Amino acid sequence: MNEETKIQRPDEEVIIEIKGMHKWFGDFHVLRDIDLEVRKRERIVICGPSGSGKSTLIRCINRLEEHQRGDIIVDGIALTNNVKNIEKIRAEVGMVFQHFNLFPHLTIVENLALGPIWVRKIPKKEAEETAMYYLEKVQIAEQAQKYPGQLSGGQQQRVAIARSLCMAPKVMLFDEPTSALDPEMIKEVLDVMIELAQEGMTMIVVTHEMGFARSVAHRVMFMDFGKIVEENTPEAFFNNPQHERTKLFLSQILH
Amino acid sequence: MKTADATIEQQPPEPEEDIRPPVTQIGVIGWVRANLFNGWFNSVLTLVTLYGLGKIAPPFFRWAFIDSVWLTDGRACRAAAGACWSVVTSNFRFIIFGFYPYELHWRPLAAMLLLFALLFYSRDRKHWKKSLLYLWIGGLCIMGLLMRGGLLGLEPVESTRWGGLPLTLLLSVFGLTAAYPLGVLLALGRQSRLPGIRYLCIVYIEMIRGVPLISLLFMGSIIFPLFLPEGITINKILRAQVAIILFTAAYIAEVVRGGLQGMAKGQYEAAESMGLNYFLTMRLIILPQALKIIIPPTVSILISAFKDTSLVVIIALFDVLKTSQTVLSNPEWMGFSPEVYIFVAILYFLGCFSMSGYSRRLERELDTG
């Protein structure tokens, strides 16, 4: 494992710590003995074949899925059945979904202001100002009064990112954010994510966008059959994969 | 950061010349062709329907309007060839107000007008604020005072003398407004993770749906009082009202459950992932969408509940249908049932049609694409 020493990680405190974590769906062992430590400002890309457990892993971090063994500590709080703690962690951990999951009955600006108003208890006016700030950041401020159904996929995903940012999260989780997009819209979403990375956001990204992984990730992890098979710097990971399964996977997606 | 939509301005290609569709496909001719005479089968149907209408409509029109009498007594009615609308006009106040003291009819009238005003005011979604709730509570108190009396120099009127349209409206408006939130709570309870709450709701819903409304009304009016300690009685109208609420709520609950199940899982996840708790998730994200989807079936239930209030006749309450029947038992007006029932049907139709019309408007307004 001498490659691991080459990984450059930000010299910051640990914000997510996962130790010996297992998860089952019924009898199916979907995550096996996961150990993962994420520091502030660190950016991790997770890839792997479908069904390998990568989405489930990041969904465990904000308890959209419940793990059955091991520990997950986020921002100093251990994830247990304590509902108040879960809500506290979720407020600090933003999530962007494959299918955007915007609220179709609310306008764009209402989508963004909802979390700050109800979770952070910020006055409505202030929350809407923050919302407009982030909409400008993702370059769709002019769509603020529209409904999600009136926007293109790429625009919706940028709104979804802005919605997460409005909560001023400490960590952002991305669950295949570009997989549901038409090819010509992928770039506009990746651009937003790259800018976010440059600003020092802590990010865990499940994606097959290898260009993105190369340009922003500190570490790339490969998962298969519920295990983290290999992790390395982007260069080492793509140029010199160690594991047979990694090589096979990379040969299939990088044609 | 440059994004695609900011740079690409797409223009549709210019058409070379403006071509109109053929005349036979647009306008009146086009509509008639497309809807009435598209194919031999529909053409035959159209002709048969037109023939039937020609046979039925003119005689009915003559009976109802040309040969009809409007403001006579019963004897003159029997001499007339057409409809005897006099049965409605002469007994109008009894049909509408029942046995409420004649000289005090202005009070239920005022209560009804107040109710209509409140309903009309509530139509606009801009008025759906907390103040509306206070307005309704205040309005309710005034209506109750007007109907019941006994305060401010108003002569008290026993609720046993309430009847007619005010009673129908009272039972339905408050039955429906109370049943709706109860139904939503039952639906949420049925999906609860807590088995105690879940099974309670399932048992309730299945039991209530398993019996006809008539038997609930009977139970409320006859069996339930047997269990009360001696000397305590609960107003009969209130018991009927409670039975209607419990009954309607069970049906609404199942429709709401359908709406909840139709919600995409991603909506729950998006709401939860930003730290919203269960109640906020339901209130802000899930219910607004689910209740919108189920407007059509909900309105069906509300409409049928409105009509079902007429079943209270079996526990001897005089709703508007019963007061109309009572008129027909007067020897002077015996035999004019078509006219009376047409009148009552129109009353019910107005109520139901305004509900469905309003629901369509709501659906349009809430449509966000």
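Please read all numbers here as calculations on a predicted model, not as lab measurements.

Asker: Report on the domain arrangement of chain B, specifying residues and quantitative values.
Answerer: Residues and elements named next belong to chain B. According to the domain assignment, chain B consists of domain 1 (99-161) and domain 2 (163-366). Here the C-alpha centre of domain 2 lies 21 Å away from the C-alpha centre of domain 1. Counting from both sides, the interface comprises 15 residues of domain 1 and, opposite them, 14 residues of domain 2. Buried area between domain 1 and domain 2, summed over both chains or domains, comes out near 1,300 Å², and the portion from carbon and sulfur atoms is 70%. Area buried by domain 1 at its contact with domain 2 is led by Phe99, Arg123 and Arg125, which between them contribute 37% of it. Viewed at the interface, domain 2 and domain 1 are joined by three residue pairs in polar contact (both at pLDDT 80 or more). Going through the elements one at a time, helix 7 (106-122) and helix 8 (130-148) are the ones with two or more residues in the side of domain 1 that touches domain 2. With five residues, helix 7 is the largest single contributor of residues to the side of domain 1 that touches domain 2.

Asker: Any chance you could break down the layout of surface pockets for me, citing the residues and the numbers?
Answerer: Reported here for the second largest pocket is a volume of approximately 1,400 Å³. Looking at the second largest pocket, it is lined by 32 residues, and the ones nearest its centre are B:Arg193, B:Tyr268, B:Glu272, B:Tyr278 and B:Met282.

Asker: Give a description of unusual backbone geometry that names residues and reports values.
Answerer: Residue and element names in this part refer to chain A. One non-glycine residue, Phe100, adopts positive backbone phi at about 65°. Within the secondary structure, Phe100 is located in the loop between strand 6 (93-96) and helix 3 (108-118). On the basis of relative accessibility, which here comes to 11%, the residue Phe100 falls in the buried class. For Ala168, which is not glycine, the phi torsion reads 50° and is therefore positive. With respect to the helices, strands and loops of the structure, Ala168 is situated in the loop between helix 5 (153-166) and strand 7 (171-175).

Asker: Got a sec to walk through the environment of A:Glu231? Specific residues and values, please.
Answerer: Residue and element names in this part refer to chain A. One can find Glu231 in strand 10 (residues 227-232). Along the sequence, Glu231 and Thr207 sit 24 residues apart, while their C-alpha atoms lie 15 Å from each other. A distance of 2.7 Å separates the side chain of Glu231 from the side chain of Arg219, its partner in a polar contact.

Asker: Can you break down the packing of helix 9 (residues 164-190) of chain B against helix 14 (residues 278-293) of chain B residue by residue, with the values?
Answerer: Residue and element names in this part refer to chain B. Where helix 9 meets helix 14, the axes come as close as 13 Å, and the angle between the chain directions of the two elements is 115°. Of the possible angle classes, the one that applies to helix 9 and helix 14 is roughly perpendicular. The two elements helix 9 and helix 14 meet at a crossing, and its hand is right-handed. Residues Tyr180, Val184 and Leu188 of helix 9 form the contact with helix 14, whose own contacting residues are Tyr278, Met282, Leu287 and Leu291. For the contact of helix 9 with helix 14, the per-class residue count stands at seven nonpolar, no polar and no charged.

Asker: So, the sheet that holds strand 9 (residues 219-224) of chain A: which residues are in play, and what are the values?
Answerer: All names here are of chain A. Strand order in this open sheet of six strands is 6-7-8-3-9-10, and the pairing throughout is mixed. Taken across any chain shown, the strands that pair with only one partner, and hence form the sheet edges, are strand 6 and strand 10. Taking the axes of each pair of neighbouring strands and ignoring which way they run, one obtains an average angle of 20° across the sheet. With respect to the sheet, helix 1 (residues 54-61) is in contact with strand 3 (43-47), strand 6, strand 7, strand 8 (202-206) and strand 9, its orientation differing from that of strand 7 by roughly 150°. Relative to the sheet, helix 6 (residues 183-198) contacts strand 3, strand 7 and strand 8, its axis offset from that of strand 8 by approximately 145°.

The rules behind the values
Residues numbered from 1 in each chain as written. Chains lettered and ligands numbered in written order. Predicted model: local features only at pLDDT ≥ 70, side-chain atom pairs only at ≥ 80, totals over all residues. Heavy atoms only, no water. Domains from an automatic or database assignment. Contact = heavy atoms within 4.5 Å. Buried area = accessible area lost by both parts, 1.4 Å probe. Polar contact = N/O pair within 3.5 Å; in protein donor to acceptor, adjacent residues only side chain to side chain. Helix = DSSP H or I, 4+ residues; strand = E, 2+ residues; numbered from the N terminus. 1 Å grid on protein atoms, 1.4 Å probe; cavity = no way out; pocket = protein on both sides within 12 Å on 5 of 7 lines; lining within 4 Å. Points joined across faces, edges and corners; volume = space filled by probe spheres on them. Buried < 20%, exposed > 50% of the residue type's maximum accessible area, 1.4 Å probe, protein only. Axes fitted to C-alpha atoms, helices over the stretch in contact; angles between N-to-C directions. Parallel < 35°, antiparallel > 145°, perpendicular 65-115°, else oblique. Left-handed = near helix turned anticlockwise from the far one by under 90°. Nonpolar A, V, L, I, M, F, W, Y, C, P; charged D, E, K, R; others polar. Pairing = 2+ DSSP bridges.

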